[in-house]
Amino acid sequence: MSEHDGIIGVFDSGLGGLTVLRAIVEQLPGEATVYLGDTARVPYGTKSAAVVTRYALRIAEHLLQYPLKALVVACNTASAVALPALREQLSIPVLGVVEPGAQAAIAASVGQRIAVLATEGTVRSRAYERTLLRLVPDAHVVGRACPLFVPLVEEGLLDGPIVELACRRYLEGLAREIDTAILGCTHYPLIAGPIGQVLGAGVRLVDSAFATARALADLLVERNAISVCEDPGKSLPRDLPERRFLFTDANERTAELCSRFFGEPIRHFEAVDL
Ligand code: DGL
């Protein structure tokens, strides 16, 4: 198998990583993909680093039955705690969302005063903070865990009084300290509007999904492993690259939530037991 023929593996603790897959599909329309959402074990953000690492390794092992040319860890929490273990175990390139997100924040920030909005696990790991300080040693970095955001988005609450209240609870006053905020969790881009309203126009919001897809594109170009889709608009469906969706638990809500995160309906998904 040449690298051109390989496919891109993407995994997340659940469905939120579909925001990252969306960005990958938009930037790399010719790539076949396999997405695994660990919906049976979500959330990862409240679990210990050791447990999240164990889950991540098990998922990677499962995905290796596909001819992967790269693995993208779409989950911020798993990227923050499990990347070294995954890289040690796997012989294919493994890309997380932390490094691309941190780089995008540095590029967007004027004064290098940056907040990392994320799950408890990601904030506790200080992975974003370490990366930001490696890139700009005198940056001012504030980590802010926003644990209610994930359940709100899962519940379909993307705006309105409850979301506004939660945003104010976590973010009020933060704008005095920062000029840029990283949406360091797969779910937060879906409530970027209310987050931005509390932080105000003076704070730039950075979404690591887009930056990660760009980093993947750069990696594939560098390795001469990119698959080009001749004319995605005109191809017949059977000519389009294959997209597989695997979930460790799929129920009635899965299809509805998939559409919310991916931006279009996902008709076929497979259940996997890990
Ligand atoms: N995917 C997780 C993240 O980006 C959010 C959901 C969870 O806690 O598992 O950190």
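Everything below is about the structure printed above this text.
Residues numbered from 1 in each chain as written. Predicted model: local features only at pLDDT ≥ 70, side-chain atom pairs only at ≥ 80, totals over all residues. Heavy atoms only, no water.

## Observations regarding the overall build of the chain
Secondary structure assignment for the chain yields eleven helices and ten strands. Taken over C-alpha atoms, the radius of gyration comes to 18 Å for the chain, in line with the 19 Å a tight globule of 274 residues would show. Considering only C-alpha atoms, the chain reaches an extent of 50 × 40 × 40 Å along its principal axes. The buried share of the chain, taken over its 274 residues, is 54%. (Helix = DSSP H or I, 4+ residues; strand = E, 2+ residues; numbered from the N terminus. Rg over C-alpha atoms; globule rule 2.2 N^0.38 Å. Buried < 20%, exposed > 50% of the residue type's maximum accessible area, 1.4 Å probe, protein only.)

## Digging into the site of the ligand
Not every one of the 13 residues close to the ligand is listed here, only the nearest: Asp 12, Ser 13, Tyr 44, Gly 45 and Thr 77. Contact between the ligand and Ser 13: an oxygen atom at 2.6 Å from a side-chain N or O atom of the residue. Here Thr 77 contributes a side-chain N or O atom positioned 2.6 Å from an oxygen atom of the ligand. Notes on the ligand: free accessible area 290 Å², of which the protein chains cover 99%. The class makeup of the residues in the shell around the ligand is five nonpolar, seven polar and one charged. (Near = heavy atom within 4 Å. Polar contact = N/O pair within 3.5 Å; in protein donor to acceptor, adjacent residues only side chain to side chain. Areas by Shrake-Rupley, 256 points an atom, 1.4 Å probe, with all protein chains shown as cover. Nonpolar A, V, L, I, M, F, W, Y, C, P; charged D, E, K, R; others polar.)

## With respect to the pattern of salt bridges
Where charged atoms from two side chains of opposite charge come close, those side chains can pair. On inspection of all chains with the given rule, the structure shows ten salt bridges. Residues Arg 244 and Glu 242 are paired through a salt bridge, measuring 3.7 Å at the closest nitrogen-oxygen approach. For Arg 244, a relative accessible area of 27% translates into the label partly exposed. Glu 270 is paired through a salt bridge with Arg 244; the nearest N and O atoms lie 3.2 Å apart. Remark: Arg 244 occurs in strand E9 (residues 243-247) and Glu 270 occurs in strand E10 (residues 270-271); sequence separation between them is 26 residues. A relative accessible area of 30% places Glu 270 in the partly exposed class. (Salt bridge = Lys/Arg side-chain N within 4 Å of Asp/Glu carboxyl O.)

## With respect to the sheet that holds strand E2 (residues 33-37)
Taking strand neighbours across the sheet as the criterion, the six strands line up as E4-E3-E1-E2-E9-E10 in an open arrangement whose pairing is parallel. Whereas interior strands pair on both sides, the edge strands pair on one side only; in this sheet they are strand E4 (94-95) and E10. Inspection of the sheet shows strand E1 (residues 7-12) paired to strand E3 (residues 68-73) by five bridges, in the parallel sense. When the sheet's bridge partners are listed, Val 10 is paired in E3 with Val 72. (Pairing = 2+ DSSP bridges.)

## Concerning unusual backbone geometry
Residue Pro 43 is reached from Val 42 by a cis peptide bond, and omega for that bond is 10°. Relative to the helices and strands, Pro 43 is located in the loop between E2 and helix H2 (49-63).

## A word on empty space enclosed by the protein
This model, assessed by the stated rule, comprises one cavity of 30 Å³ or more. Looking at the lining of the largest cavity, the elements that each hand over two or more residues are helix H1 (18-27) and helix H10 (208-222). Of the residues in the lining of the largest cavity, the class split is five nonpolar, four polar and one charged. (1 Å grid on protein atoms, 1.4 Å probe; cavity = no way out; pocket = protein on both sides within 12 Å on 5 of 7 lines; lining within 4 Å. Points joined across faces, edges and corners; volume = space filled by probe spheres on them.)

## A look at the packing of helix H8 (residues 161-171) against helix H9 (residues 192-199)
It is at 9 Å that the axes of H8 and H9 come closest, and there the two elements cross at 45°. By the angle class used here, H8 and H9 are oblique. Of the two possible hands of crossing, H8 and H9 adopt the one that is right-handed. Of the residues in H9, those touching H8 at Val 163, Cys 167, Arg 168 and Leu 171 are Pro 194, Ile 195, Val 198 and Leu 199. Along the lines of polarity and charge, the residues of the contact of H8 with H9 split into seven nonpolar, no polar and one charged. (Axes fitted to C-alpha atoms, helices over the stretch in contact; angles between N-to-C directions. Parallel < 35°, antiparallel > 145°, perpendicular 65-115°, else oblique. Left-handed = near helix turned anticlockwise from the far one by under 90°. Contact = heavy atoms within 4.5 Å.)

## Notes on H1
Here H1 lies mainly inside the structure; seven of its ten residues are buried. Those residues of H1 not exposed but buried are Leu 18, Thr 19, Val 20, Leu 21, Ala 23, Ile 24 and Val 25. Contacts made by the buried residues of H1 are with E1, E2, E3, H10, E9 and helix H11 (252-262).

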